[in-house]
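Fold and geometry: a report
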Amino acid sequence: MNWKVPLADLDYDHHEEQAVLDVLRSRWLTMGEVSQKFEAAFAEQTRCKHAIAVSNATQALHLACLAVGVRPGDEVIVPSLTFVATANAVLYCGADVRFADVLSNDELTIDPLSIKSLITPKTKAIIVMHYAGFPCQMEPILELAQEHHLPIIEDAAHAPGASLNQIPLGAWGDIGCFSFFSNKNLSTGEGGMLTCSNDSLAEKIHLQRSHGMTSLTYDRHKGHAFSYDVVELGYNYRIDEIHSSLGLQQLAKLEHNNQRRREITYKYWHAFADTPLGLPFSKTMQGEPSFHIFPVLLPEKVQREAFMVNLRNAGIQSSIHYRPIHTFSYYREKYGDMNLPVTDAVARREVTLPLFPTMTDEQINAVIETVKSLVE
Ligand SMILES: *Cc1c(COP(=O)(O)O)cnc(C)c1O
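In this text the structure is predicted, and so the values were computed from the model without any measurement.

Scoring rules and cut-offs
- Residues numbered from 1 in each chain as written.
- Predicted model: local features only at pLDDT ≥ 70, side-chain atom pairs only at ≥ 80, totals over all residues.
- Heavy atoms only, no water.
- Pairing = 2+ DSSP bridges.
- Helix = DSSP H or I, 4+ residues; strand = E, 2+ residues; numbered from the N terminus.
- Axes fitted to C-alpha atoms, helices over the stretch in contact; angles between N-to-C directions.
- Contact = heavy atoms within 4.5 Å.
- Buried < 20%, exposed > 50% of the residue type's maximum accessible area, 1.4 Å probe, protein only.
- Polar contact = N/O pair within 3.5 Å; in protein donor to acceptor, adjacent residues only side chain to side chain.
- Core = buried A, V, L, I, M, F, W, Y, C linked by side-chain atoms within 4.5 Å.
- Domains from an automatic or database assignment.

1. Quick notes on the sheet that holds strand 1 (residues 50-54)
Ordered in space as 1-9-8-5-4-2-3, the seven strands form an open sheet in which the pairing is mixed. Because the sheet does not close on itself, it has two edges, and the strands there are strand 1 and strand 3 (96-100). Pairwise comparison of adjacent strand axes, ignoring direction, gives a mean angle of 20° for this sheet. Where strand 2 (residues 75-79) and strand 4 (residues 123-129) come together, three bridges link them in parallel fashion. Opposite V76, over in strand 4, you have A125 as the bridge partner. Those strands touched by helix 7 (residues 199-209) are strand 1, strand 8 (175-179) and strand 9 (192-196), and its axis lies near 15° from that of strand 1.

Here is the structure:
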């Protein structure tokens, strides 16, 4: 389908093309200097001591759960209003998830009181997700975590470049997990990153990223090491030089592009202020979000599927973020029917409208005019 206004689009130009060509011509394709540069630049940007690149955020979440010690029999508290990978990562470790509700129609992030109600002696960790790049209520969540000695993993897939109280998202918890999937704020196709400032967590993550091996191909190539041992059951979750080279170029554009996302979001909020649409975060915004996506809540009387079909007929792509994880067949069979009142109510009405930094004013206006005509 040739959309007049796609949901998301890349900001790629000759910089990305040149960066990939440079890697190809260097004839070194994986675990090299470009990946190390990307990690160093990302660590600086998130003000974390360590940034560890992987092939996607799902792997990052899995390694994060393993590093904080999630094991069979444990429970991990996660939001249900997130991408399914947030919860899957816990299940990969043989542990169980407990789904927390979100705060309200205005604030689609995990509710600290709901977290509190789910803490049991089996709880091993808390995963929060910064929905659309708007910060979760990290202060009360940190307080709870400290009180119960629980590590926090931030699913910061939506949140590169975002911060709260000048502290980057991904640096608030014990480990941050970022995604560089094609439609994210920083895109490399597939790609991801873990951030943390604790040396022993970083060491565990490094080991398990690469087969539990004590030295890497690159070190051996450089003459730093001649053999290796395997000390744990690890994985191959590494990134390669091509994706890292894209990541470096995209990281250089991130601040500018997040600013552009902010401008477009404000334009939408302003244009929709006097419509019956619910505008999450417009009244509760805190810190510096990354404005990853633009969610709206349809009025009860507007039927969602018809609304999305009408948008499609006008050439405008839309999406839903998210069908709550507890409503998927696999999770319902595993845990039975569950009731998360705020999540369930919000998720029924949510539609995501196009938002990307290279959007033209004509595209923005086309979305505004079409949406207004459909809800008024
Ligand atoms: C995209 C996304 C992921 C998974 O990222 P991948 O890099 O595609 O594995 C996880 N959580 C959230 C909230 C996401 O949006």
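2. Structural notes on helix 7
Listing the buried residues of helix 7 in full gives L201, A202, I205, L207, Q208 and R209. Turning to helix 7, the residues buried within the fold contact helix 2 (33-46), strand 1, helix 3 (57-67), strand 8 and strand 9. The backbone nitrogen of S200 lies 2.9 Å from a side-chain oxygen of the residue at the head of helix 7, namely N198. A positive backbone phi angle near 65° is found at H211, which sits one or two residues after helix 7.

3. With respect to the nonpolar core
Ranked by size, the top nonpolar core spans 41 residues in total, and within it Y131, Y268, F272, F294, F307 and L353 carry the most contacts. Among the secondary structure elements, those contributing two or more residues to this core are helix 9 (241-272), strand 10 (294-297), helix 10 (304-313), helix 12 (341-349), strand 11 (350-353) and helix 13 (361-375). It is helix 13 that provides the largest number of residues to this core, a total of six residues. The residue makeup of this core includes at least three contributed by each of domain 1 (14-250) and domain 2 (254-375). The residues contacting L353, other than those within four sequence positions of it, are L7, F272, F294, V296, L311, V367 and V371. By size, the runner-up hydrophobic cluster in this structure holds 36 residues, among which are L63, C65, L66 and A67.

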